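Examination of the molecular architecture
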Amino acid sequence: MGDHDSVVTSFRPTVTTVGGLDRERARRALLIGVPFAVLLVVLSRLATSSWELPIGLLLIAILGAAIVGWIWLYLTNSSITLTPEHLLITDWRNSRTVIARGDVSRLIRIGVRPFEGPPRQAVIAVDAANRSLFALGGAYDGAAIARALSVSLIGSFDDVMSHDQVNRKYPGAARSLVANPQRVLVFSAVGTVVIGVIAFIVWAALRS
C-alpha cells in the first residue's frame, strides 16, 4: 500500500448540497451560529435568572449544530481515490477502506427499496466470485468510476430489490452504502435527538 500518495484520479459525490447547505455555507453556519448560540444562552440566563429557557435554547442549538456539522463532514470527507494498485474509499466520518483494484470484477447498478419511500440508487462492486466489495449510493458517478477501473458497469437502477434481497444476493451490500446524503441527514437528525434527550435527562437529574 505504498502507492497511496500516487493518485491516479479521485471522485467526490456529485451532489454539492444537502438540505440546502453546501460545504461553505455549512462551515459559515457553524462559525457564526455556535458563538451566537452561546451568547444567546448566556443572555437568557442573565435575563431570566433560571435555567429552563437557557437549557431549552442550548438543546435547540445542539440539534442545529450537530445536523449542520454532520452535513459539513459528509460534503467535506466523502471521496473515492484511485491509485495504481488500490481503491481508497473515504466516508463522511473520514474512515477509509482500502480495496485492491484487481479484486473489482464489475460494478452493478440496482435500485434498493427502503422500508419507506421510493427506491434509492446504488452501485455495487463485486469480485469474480460475485461477492460484494463495497456499495456506492447514487451520489457518485458509477459510470466514470467503472471507466477509471476498466471494468464493466451492468444492470439498471430500475432493477429494484428489497434490502433483504440485496443482502442475500450481495451479502453486506445494503448495509455499506457510501455517500447517501438522505441517509446521512436522517442519521444526523436521529443521532442529534438522542444526544439532546440524554443531555436533558442528565440536566434534570442534576437539578433533582
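Quick note: structure is the one above.
This model, assessed by the stated rule, comprises 1 salt bridge. Between Arg131 and Asp127 there is a salt bridge whose closest N-O contact spans 2.9 Å. A relative accessible area of 54% places Arg131 in the exposed class.

What follows covers the pairing of strand β7 (residues 132-137). Burial analysis of β7 places 5 of its 6 residues in the buried class, the great majority of the element. In this sheet, β7 lies alongside strand β6 (residues 120-126) in antiparallel orientation, the contact comprising 5 bridges. The residue of β7 that forms the bridge with Val123 is Leu136. Counted along the chain from β6 to the antiparallel partner β7, the turn is 5 residues long, and its residue Asn130 has a positive phi close to 70°.

All right, on to the packing of aromatic side chains then. Evaluated as defined, the whole model comprises 0 aromatic pairs. Sitting over the ring of Phe157, Arg109 keeps its end group 5.9 Å from the ring centre.

To continue, consider a nonpolar patch on the surface. On the surface, a cluster of nonpolar side chains totalling about 540 Å² of accessible area is made up of Val34, Val38, Leu39, Val42, Leu43 and Leu46. Residue position: Leu46 is located in helix α1 (residues 23-48).

Direction of pairing for strand β3 (residues 86-90) relative to strand β4 (residues 96-100): antiparallel, over a ladder of 5 bridges. Paired with Thr90 across the strands is Arg96, a residue of β4. Hairpin connection of β3 to β4: 5 residues between the antiparallel strands, including Asn94 at a positive phi of 70°.

What follows deals with the side chain of Asp91. As for its placement among the helices and strands, Asp91 is situated in the loop between β3 and β4. For Asp91, a relative accessible area of 13% corresponds to the buried category. Of the polar contacts made by the side chain of Asp91, one reaches the backbone nitrogen of Ser95; its length is 3.0 Å. Not counting chain neighbours up to four residues away, the residues in contact with Asp91 comprise Asn77 and Ser78.

The subject of this paragraph is the sheet that holds strand β1 (residues 9-11). The strand order across the open sheet formed by 4 strands is β1-β2-β3-β4, and the pairing between neighbours is antiparallel. Each edge of the open sheet carries a strand with a single partner, namely β1 and β4. Put simply, the sheet's adjacent strands are angled 15° from each other on average, direction ignored. Examined bridge by bridge, strand β2 (residues 79-82) and β3 share 4 bridges and lie antiparallel to one another. Pairing of Leu82 across the sheet is with Leu87, part of β3.

Definitions and limits used
Residues numbered from 1 in each chain as written. Predicted model: local features only at pLDDT ≥ 70, side-chain atom pairs only at ≥ 80, totals over all residues. Heavy atoms only, no water. Salt bridge = Lys/Arg side-chain N within 4 Å of Asp/Glu carboxyl O. Buried < 20%, exposed > 50% of the residue type's maximum accessible area, 1.4 Å probe, protein only. Helix = DSSP H or I, 4+ residues; strand = E, 2+ residues; numbered from the N terminus. Pairing = 2+ DSSP bridges. Phe/Tyr/Trp six-rings, centres within 6.5 Å; stacked < 30°, edge-to-face > 60°. Lys NZ or Arg CZ within 6 Å of the ring centre and 35° of its normal. Patch = residues over 30% accessible without salt bridge, like charges linked within 9 Å, V, L, I, M, F, W, Y side chains within 5 Å. Areas by Shrake-Rupley, 256 points an atom, 1.4 Å probe, with all protein chains shown as cover. Polar contact = N/O pair within 3.5 Å; in protein donor to acceptor, adjacent residues only side chain to side chain. Contact = heavy atoms within 4.5 Å. Axes fitted to C-alpha atoms, helices over the stretch in contact; angles between N-to-C directions.

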